[in-house]
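Descriptive analysis of the structure
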Amino acid sequence: MAGWVDGRPIPRERLQRRIAELRNGPFRATLPVPGSSEDRQLARWLTQVILTEALCEALASDLGLDPVEAEPFEGVAAVELGSINTAAYNGNPWVRAVFEHVTAAAEAPPEWRSPASAEGAPQHLIRHRLFPDHSSAHRATPDALDSLGPASLDSLPAAIADALQRHPYGTLVGPVQDTLGWHVAIATPFEERGAALRPAPRPPLPTACNTPTSAKQAITPTQQDRSGATLLDAARRRIFARWLDDMRAKKVELVPGLEHPGDPRQPDNHHKH
């Protein structure tokens, strides 16, 4: 057996088939040497993916859920969800169905956002990016940031919004950490002149007393939806990852030799922080 899910045995043949597919696939040259410590760790990792899939398949069947097609998680989203959970989600429609079911009522924690902007809040031209770790965020340059277009600072997560307020306009700010990851951003205010939006004159410091009054314009519903959707997506991934951790602890039983690859009790664990 590869393990048990809620008392139901999951045959090792499922793991052997998955390994054979990888060994015969386009990335076979990147796989570890058979029989090596890294090869055993790969088998352990794949086992966790398979047992996660089996857990969700059983629940989807019990609830009568339909399979779900969705874009795969990549980049920061994959880091937030975790490699095992992401592999299960990306490769299995029943995992995606359970994700939709478990996170249907999710809400972004209020501490992830600044207070709602008042009517007429100043607008800024914002470039921002979220990184999974401090080192990659520390190396970020302005060209590596994504343009969010004109928006209120209050549409950003509170941690980076507060940091931007404390720095001169146009300054590369970060890394700033919160529960989403490591933020890096640049903000420049703008003013509306006729039908065109142009950068506003740069003040010496971004304080309330020297923010140009002509730069004030309410944030649009489209900008609000974009920012809120980003935070909600991150909240859904966090909820699902925590739910899977809890369900695996309750319903999944591992076998010797196929422990979690990060289990410090197994002899091939070399994962360090």
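So, how was this worked out
- Residues numbered from 1 in each chain as written.
- Predicted model: local features only at pLDDT ≥ 70, side-chain atom pairs only at ≥ 80, totals over all residues.
- Heavy atoms only, no water.
- Core = buried A, V, L, I, M, F, W, Y, C linked by side-chain atoms within 4.5 Å.
- Buried < 20%, exposed > 50% of the residue type's maximum accessible area, 1.4 Å probe, protein only.
- Helix = DSSP H or I, 4+ residues; strand = E, 2+ residues; numbered from the N terminus.
- Contact = heavy atoms within 4.5 Å.
- Salt bridge = Lys/Arg side-chain N within 4 Å of Asp/Glu carboxyl O.
- Phe/Tyr/Trp six-rings, centres within 6.5 Å; stacked < 30°, edge-to-face > 60°.

**Focus on the nonpolar core**
Formed by 32 residues in total, the largest nonpolar core has its most connected members in Val5 and Phe240. Broken down by secondary-structure element, the contributors of at least two residues to this core are α2 (37-63), α3 (75-81), α4 (83-91), α5 (93-102) and α8 (221-251). The greatest single-element share of this core, amounting to ten residues, is contributed by α2. If we ignore the near neighbours within four places in the chain, the residues touching Phe240 are Cys56, Leu81, Val95, Val98, Phe99, Val102 and Thr103.

**Observations regarding the pattern of salt bridges**
A pair can form between side chains of opposite charge whenever their charged atoms are brought close. Tallied over the full model, the rule gives 15 salt bridges. Residue Arg237 pairs with Glu80 through a salt bridge whose shortest N-O separation is 2.6 Å. Here Arg237, found in helix α8, pairs with Glu80, found in helix α3; they are 157 residues apart in sequence, far enough to count as distant. The class for Arg237 is buried, based on a relative accessible area of 10%.

**Overview of the packing of aromatic side chains**
Counting across every chain of the model gives five aromatic pairs. Centroid distance Tyr89 to Phe99: 5.2 Å. Interplanar angle 75 degrees. Geometry classified as edge-to-face. With Tyr89 in helix α4 and Phe99 in helix α5, this residue pair connects regions lying ten residues apart in the sequence. Accessibility classification places Tyr89 together with Phe99 in one group, the buried group. Consider the rings of Phe240 and Trp243, whose centres lie 5.9 Å apart with planes at 10 degrees: the pair is stacked. Taken as a pair, Phe240 and Trp243 lie in helix α8 at a separation of three residues, close to a single helical turn. By relative accessible area, which is 19% here, Trp243 ends up buried. Taken together, Phe73, Tyr89, Phe99, Phe240 and Trp243 form an aromatic cluster joined through their ring pairs.

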